[in-house]
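So you can see what is in the structure, the chains are spelled out below.
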Amino acid sequence: VINENGQGQAMLGNSYWADQGVDILAHVDAIHEVEEEGDFILQGMQRYNRDKAEGTRVVPANLSFSDRYDVQMGDVALEVLQQIAARGWPVDAASIRHGFAAARWPGRLQPLLWRQRQVLVDGAHNPPAAERLAGERAHWSGQSLGLNWILGIQSHKEAPAMLRSLLQPQDRAWIVPVNGHRSWSAEALKASCPELATQLREADGREPVETALEQLEQAGWPQARPVIAGSLYLLGDLLGRGLLRAE
């Protein structure tokens, strides 16, 4: 099992796999994050999952790396499918190709609706993912006029590096809290990224994301869709409470 990072959705299942005797791999920084923040992350999950969280405990990965660890997941999936076909299951080469081509990742560049207005959501929550998200903007209509970002980033994340990847000079970013988690504030980010300070805004109120979207609506909805990103917990909360919905 591979922990992509030290965030809750990546590592809170570790106790199950460890009890099965399965090795767990993670970067040394992710392991450090679990050791430092794991109990707080677990408590946050227990608040909203209640009885479903029973038995979950914090278990850091038992295998680590500091530079790179090559795992070809697509090749592994292909080999599994080929082995299944060899055992008599009806999985042909055309079906395998179609399956890989049709693979979708909800929360990755996903259009959703807020009050009949289209927004784009993305689960980018670390600097490498932010860099990839920033690279996608060239394909978005109206992006050269500036993008409006709504970003909720947990306090243990490298938010300054993420902002420096995402924001171009004509962009604006509303900083919102991630419900139930310690989060970066606009003031803290202005102090860490003084060169971006004039582009950052604090969204407040009972529903900070809606506050930001309402301000955009009142000013005239932008040509380029607002982008909501920074945390999978943020997206899950907005979808779970019905503030965003599928088209």
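Residues numbered from 1 in each chain as written. Predicted model: local features only at pLDDT ≥ 70, side-chain atom pairs only at ≥ 80, totals over all residues. Heavy atoms only, no water.

Enquirer: I tried to follow the pattern of salt bridges on my own but got confused; where do I start?
Expert: Pairing of side chains with opposite charge becomes possible as their charged atoms draw close. Under the criterion given, the structure shown has 12 salt bridges. Put simply, R57 and D19 hold a salt bridge, and the shortest N to O gap is 2.7 Å. Pair noted here: R57 is in the loop between helix 3 (28–49) and strand 2 (63–65) and D19 is in helix 2 (residues 14–19), with a separation of 38 residues, a long-range link. The partner of E33 in a salt bridge is K157, and the shortest N-O contact between them spans 3.9 Å. Linking E33 in helix 3 with K157 in the loop between strand 5 (148–151) and helix 7 (159–166), this pair joins segments that are 124 residues apart in sequence. Side by side, E33 and K157 carry an identical accessibility label, which is buried. Residues joined in a network through salt bridges with shared partners are R115, E210 and E214. (Salt bridge = Lys/Arg side-chain N within 4 Å of Asp/Glu carboxyl O. Helix = DSSP H or I, 4+ residues; strand = E, 2+ residues; numbered from the N terminus. Buried < 20%, exposed > 50% of the residue type's maximum accessible area, 1.4 Å probe, protein only.)

Enquirer: Just to check I follow, could you spell out the pairing of strand 3 (residues 110–114) for this structure?
Expert: It is a general feature of regular strands that their side chains alternate between the two faces of the sheet. The pairing of strand 3 with strand 4 (residues 117–121) spans five bridges and is classified as antiparallel. Residue pairing in the sheet places L112 in a bridge with V119 of strand 4. The hairpin turn running from strand 3 into strand 4, its antiparallel successor, is two residues long, and R115 in that turn takes a positive phi close to 45°. (Pairing = 2+ DSSP bridges.)

The quantities given are spatial measurements derived from coordinates; they are silent on function.
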